[in-house]
Amino acid sequence: ICNELEDRTLHFNNLYEGLVRFSIGLAKKIFIADTMGYVADQIFVADVSTIPQLWAWVGCITYSLQIYYDFSAYSDMAIGLGRIFNFYFLENFNFPYSAASIKEFWRRWHISLSSWLRDYLYIPLGGNRISPARTLVNQFIVFLLCGLWHGAAWNFIAWGIWHGLGLLSEKFTGSYIARLPRILAHAYMLLFVMVGWVIFRAPDLSYAVNYLKIMFMGNISYDMFSFLPAWEHCITISNGLFMLLGMVLSWPISLFSFKTLQNKVTGIVVLVLLFAGAYSFAMTSTFSPFIYFRF
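Presented here is an overview of the structure given in this document. Keep in mind the model is a prediction, meaning the values are calculated, not measured.

**What about the pattern of salt bridges?**
Logical step 1: If you walk through the whole model with that rule in mind, you get 10 salt bridges.
Logical step 2: For Asp-76, the salt bridge is made with Arg-21, and the minimal N-O distance between the two is 2.9 Å. Taken as a pair, Asp-76 in helix α3 (residues 53–84) and Arg-21 in helix α2 (residues 12–44) lie far apart in primary sequence, 55 residues in all.
Logical step 3: Close ionic contact of Arg-182 with Glu-104 constitutes a salt bridge, the shortest N to O distance being 3.4 Å. A residue pair is termed long-range when its members are at least 10 positions apart, and Arg-182 in helix α8 (residues 182–201) and Glu-104 in helix α4 (residues 102–108) qualify at 78 residues.
Logical step 4: Here Arg-182 falls in the partly exposed class, since its relative accessible area comes to 46%.
Logical step 5: Take Glu-104: its relative accessible area is 19%, and that puts it in the buried class.
Logical step 6: One network of salt bridges, in which partners are shared, links Arg-21, Lys-28, Asp-76 and Glu-91.

See below:
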């Protein structure tokens, strides 16, 4: 940090890489996070008893994409701005939805928070240098406090407990999970995390429980494919395309990596297109603050 503070020279490579990274973050926020958030908000504010099963899954998927792209976009923009001024910030996300276990998910998701919890809570509590039983208790305490850190509400506490219990269960089932085909292990992780996001997003714990019941057991008042006129504006081709794009870009596909933008000509074209497109899109939509500004 001291060297970065002393070196105030403008470096073209850092300026270029910072602007590209910032523009990518801006595009992720405007195009994917805000679009997915618009759909998820329409569903999660509805009376839970009126939500058909298919729409419950749509709300879960869109919120899972919203929170990832919203927060990773915020991190991209911060990293990009820092790079412009010659500061090198650590990566905060490493394609967490491509993980094959809950433990791996937390190594890839919100890395700064995970590292802080490990260094300032888990290790001071004894880490894994103590008895196996105490180690399990320490992990549970850490994630209970992680949930409470997000807010003094029962659904945040339940979300922390959910992930704590998931990590504890992997202590006993990890060897079996490791032997699964990666696609099945990935499906298990993704389902677990998405259930957690429902708990996290729901206005209260009771709503979350009823919402999850509809997701997995259906809604006796509506068939699975019921179409509610109130959500007609959510079903658009562009929303569907952005959802598909969000799913694809959540995987570490080399074609979309930052390394492909090392060619300055290609990168500048991408920079201009992303920034102009995101700016124009933002000017025609309502203001949508970053989710993590609340935490």
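**Remarks on the nonpolar core**
Logical step 1: Residues Ile-51, Ile-67, Phe-105, Trp-109, Trp-197 and Tyr-211 are the most contacted members of the largest nonpolar core, which totals 66 residues.
Logical step 2: The biggest single contributor to this core is α2, with 12 residues.
Logical step 3: Other than its neighbours up to four places away in sequence, Ile-67 contacts Tyr-97, Trp-109, Trp-197, Phe-200, Ile-291 and Tyr-292.

What counts as what
Residues numbered from 1 in each chain as written. Predicted model: local features only at pLDDT ≥ 70, side-chain atom pairs only at ≥ 80, totals over all residues. Heavy atoms only, no water. Salt bridge = Lys/Arg side-chain N within 4 Å of Asp/Glu carboxyl O. Helix = DSSP H or I, 4+ residues; strand = E, 2+ residues; numbered from the N terminus. Buried < 20%, exposed > 50% of the residue type's maximum accessible area, 1.4 Å probe, protein only. Core = buried A, V, L, I, M, F, W, Y, C linked by side-chain atoms within 4.5 Å. Contact = heavy atoms within 4.5 Å.

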